[in-house]
Amino acid sequence: MSQCLKVSKKVSGVEYAIRDIVSSAKYLENQGRTINYLNIGDPVQYGFQPPENVKQALIDAIKKGSNFYSASEGIQELREAIAQKENSKGLSIGADDVLVTNGVSEGLDMVISSVVEEGDEVLLPGPYYPPYASYIRLRGGIPVEFAVDHANSTPDIDDIRSKITPKTVAICLISPNNPTGSVFEQNSLKKLIDVANEHNLYIICDEIYDQIVFDKKFAGIGKVAGNSPVIILNGFSKVHLMSGWRIGYIAFNNSPHLELIRENLPKLARVRISANHPVQYAALESLQGPQEYISKFVSELKKHRDLVVKRLNEMSGISCSNPKGAFYVFPKIENNRFKSDKEFVLELLKQKNILTVHGSGFGTKYGSDHFRLVFLPNMEILESAMNKIEDFMH
Ligand code: PLP
């Protein structure tokens, strides 16, 4: 066979800036450089670990023999505990409304596959977490970004209204947000629900950073959902420090408008058989065991955030709004002396051995002229990274 076999256009077009940029860093590493990775939103890679009782729950589940496929929807005990968690955030659901997935990523794929057809439009907050656009495009849909005032954490409702067309099927929300850290307040969430209801749209709400907030108590969509067609995506990779174990969930609000998707989406859960079975017991323990590890993690992150935001704002040529949640900053590059934000990021890597992610990787419309940096590393590493970025900006 002389010719390379073709792949689908949809797959060859998939991009994931956060990981794609790593090849440039690996190239330099192979030449003997030590790279400071500030690109990946994985707390466990920066030294945070799930607590011992959660690790033990995984070991016990394996030793007790839970090494077979679980029910496709997930184990009952975990579904119940998840429903309880979501109810404490304002929903009123039961175990049957929960479907356990191999991470939010798989849940997102299932939801988008169930909702989007060729030519359908899905509204996303700009800038957006890249897999949202990838999964929408893979299903033949069109991601449409709406404006958000990230300094004040408010979605631009007029902009959203102006972008709704007969082809729009859903509004996606990510709060706390990746990459900007903005957290929508309840009054904004209520307005978003109202717009979605006026136009018969799904509201797909990713709350994977729900307990990582710094300045105010988290107010999720649950409190204002009523009986609107809200689908929550959430998981254990961030708050619960279980990123490598790949566990998450979909929770359906109690809404008559969700009847069809509730009937059909579980078919996708069945064709992929089940989520990781023993890890489900660890997830259960992480919800039911002591919770102090989360507040310790968040108060540590708050110190990191304060340091990074202060230092970045002291640099000439950079302005940075204060993230209210998650563990990212998304500074603006004022008067970029390089051709693009990607070139800025590659030069920062080449000159200072610091890997960040170019803002345009989170959507060119609202992400360009920015870069994303994670503040998960310890204070010493962050101080040193800030010194290097300051040098670079001179
Ligand atoms: N959703 C958001 C907003 C994220 O930032 C991430 C990871 O960075 C994910 C989902 C991925 O979640 P999971 O590890 O559960 O697949």
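Note that this is a predicted model, so its numbers are computed, not measured.

The rules behind these values
- Residues numbered from 1 in each chain as written.
- Predicted model: local features only at pLDDT ≥ 70, side-chain atom pairs only at ≥ 80, totals over all residues.
- Heavy atoms only, no water.
- Pairing = 2+ DSSP bridges.
- Helix = DSSP H or I, 4+ residues; strand = E, 2+ residues; numbered from the N terminus.
- Near = heavy atom within 4 Å.
- Nonpolar A, V, L, I, M, F, W, Y, C, P; charged D, E, K, R; others polar.
- Salt bridge = Lys/Arg side-chain N within 4 Å of Asp/Glu carboxyl O.
- Buried < 20%, exposed > 50% of the residue type's maximum accessible area, 1.4 Å probe, protein only.
- Contact = heavy atoms within 4.5 Å.
- Disulfide = S-S within 2.5 Å.
- Expected span 1.5 Å × (residues − 1).
- Polar contact = N/O pair within 3.5 Å; in protein donor to acceptor, adjacent residues only side chain to side chain.
- Phe/Tyr/Trp six-rings, centres within 6.5 Å; stacked < 30°, edge-to-face > 60°.
- Axes fitted to C-alpha atoms, helices over the stretch in contact; angles between N-to-C directions.

Considering the sheet that holds strand 16 (residues 371-374)
As summarised here, the arrangement of the three strands in space is 12-16-15, forming an open sheet in which the pairing is antiparallel. In this open sheet, the two strands that pair with only one neighbour each are strand 12 (328-329) and strand 15 (357-358). Bridge analysis of strand 12 against strand 16 gives two bridges, and the strand direction is antiparallel. What sits directly across from Y328, in strand 16, is V374.

Comments concerning the site of the ligand
Around the ligand lies a shell of 13 residues, among which V104, S105, Y209, S237 and K238 are the nearest. When the residues that make up the shell around the ligand are grouped by side-chain class, the tally is six nonpolar, four polar and three charged.

Thoughts on the pattern of salt bridges
A pair can form between side chains of opposite charge whenever their charged atoms are brought close. What the rule picks out here adds up to 26 salt bridges. Across the pair K303 and E300 runs a salt bridge, and its minimum N-O distance is 3.4 Å. Here K303 pairs with E300, and both are found in helix 12 (residues 292-314), just three residues apart, close to one helical turn. Its relative accessible area of 46% is what places K303 among the partly exposed residues. The partly exposed category is assigned to E300, whose relative accessible area is 26%. Measuring nitrogen to oxygen at the nearest pair gives 3.3 Å for the salt bridge that ties K350 to E347. Of this pair, K350 and E347 both sit in helix 13 (residues 341-352), three residues apart, which is roughly one turn of that helix. Accessibility expressed as a relative area gives 18% for E347, which makes it buried.

A word on helix 7 (residues 131-138)
Along helix 7, six of the eight residues are buried, which leaves the element largely enclosed by surrounding structure. Among the residues of helix 7, those classed as buried are P131, Y132, A133, S134, Y135 and I136. Looking at the buried positions of helix 7, the neighbouring elements they touch are helix 6 (103-115), strand 3 (121-125), strand 4 (142-146), strand 7 (168-174), strand 8 (202-206) and strand 9 (230-235). Of the residues trailing helix 7, G140 is marked for its positive phi of about 85°.

Some points on the environment of A61
Tracing the chain through its elements places A61 in helix 4 (residues 52-63). The spatial distance from the C-alpha of A61 to the C-alpha of Y293 is 22 Å, given a sequence separation of 232 residues. Contact partners of A61, with chain neighbours within four places excluded, come to S66, P278 and Y281.

Structural notes on the state of the cysteines
Here the structure, examined in full by the defined rule, presents zero disulfides. The thiol sulfur of C172 is not disulfide-bonded, and the nearest other cysteine sulfur, from C205, lies at 9.3 Å.

Brief notes about helix 11 (residues 277-288)
Helix length check: helix 11, at twelve residues, gives a terminal C-alpha distance of 18 Å against a target of 16 Å (1.5 Å per residue), a fit within 8%. Most of helix 11 sits out of view: nine of its twelve residues are buried. By the burial criterion, the buried members of helix 11 are H277, P278, V279, Q280, A282, A283, L284, S286 and L287. Packing partners of the buried residues in helix 11 comprise helix 4, helix 5 (76-88), strand 2 (98-101) and helix 12.

Some remarks on the side chain of S182
Structurally, the position occupied by S182 is in the loop between strand 7 and helix 9 (186-198). Look at S182 and you get buried, because its relative accessible area is 2%. One polar contact links S182 to T180, side chain to side chain, over a distance of 3.1 Å. Beyond its immediate chain neighbours, meaning those up to four positions away, S182 contacts V148, H150, S153, S175, P176 and N177.

A look at the packing of aromatic side chains
Evaluated as defined, the whole model comprises twelve aromatic pairs. Seen from their ring centres, Y209 and F327 are 5.4 Å apart, and the 85° between their planes marks the pair as edge-to-face. Here Y209 is found in the loop between strand 8 and strand 9, whereas its partner F327 is found in the loop between strand 11 (318-319) and strand 12, with 118 residues between them in sequence. As far as the burial class goes, Y209 and F327 line up, both buried.

Digging into the sheet that holds strand 2
Strand order in the open sheet formed by seven strands is 2-10-9-8-7-3-4, and the pairing between neighbours is mixed. Edge positions in the open sheet fall to strand 2 and strand 4, since each of these has one partner strand only. For this sheet, the mean inter-axis angle between neighbouring strands, taken without regard to orientation, is 20°. By the bridge criterion, three bridges tie strand 3 to strand 7 in an arrangement that is parallel. Along strand 7, the bridge assignment pairs L123 with I171.

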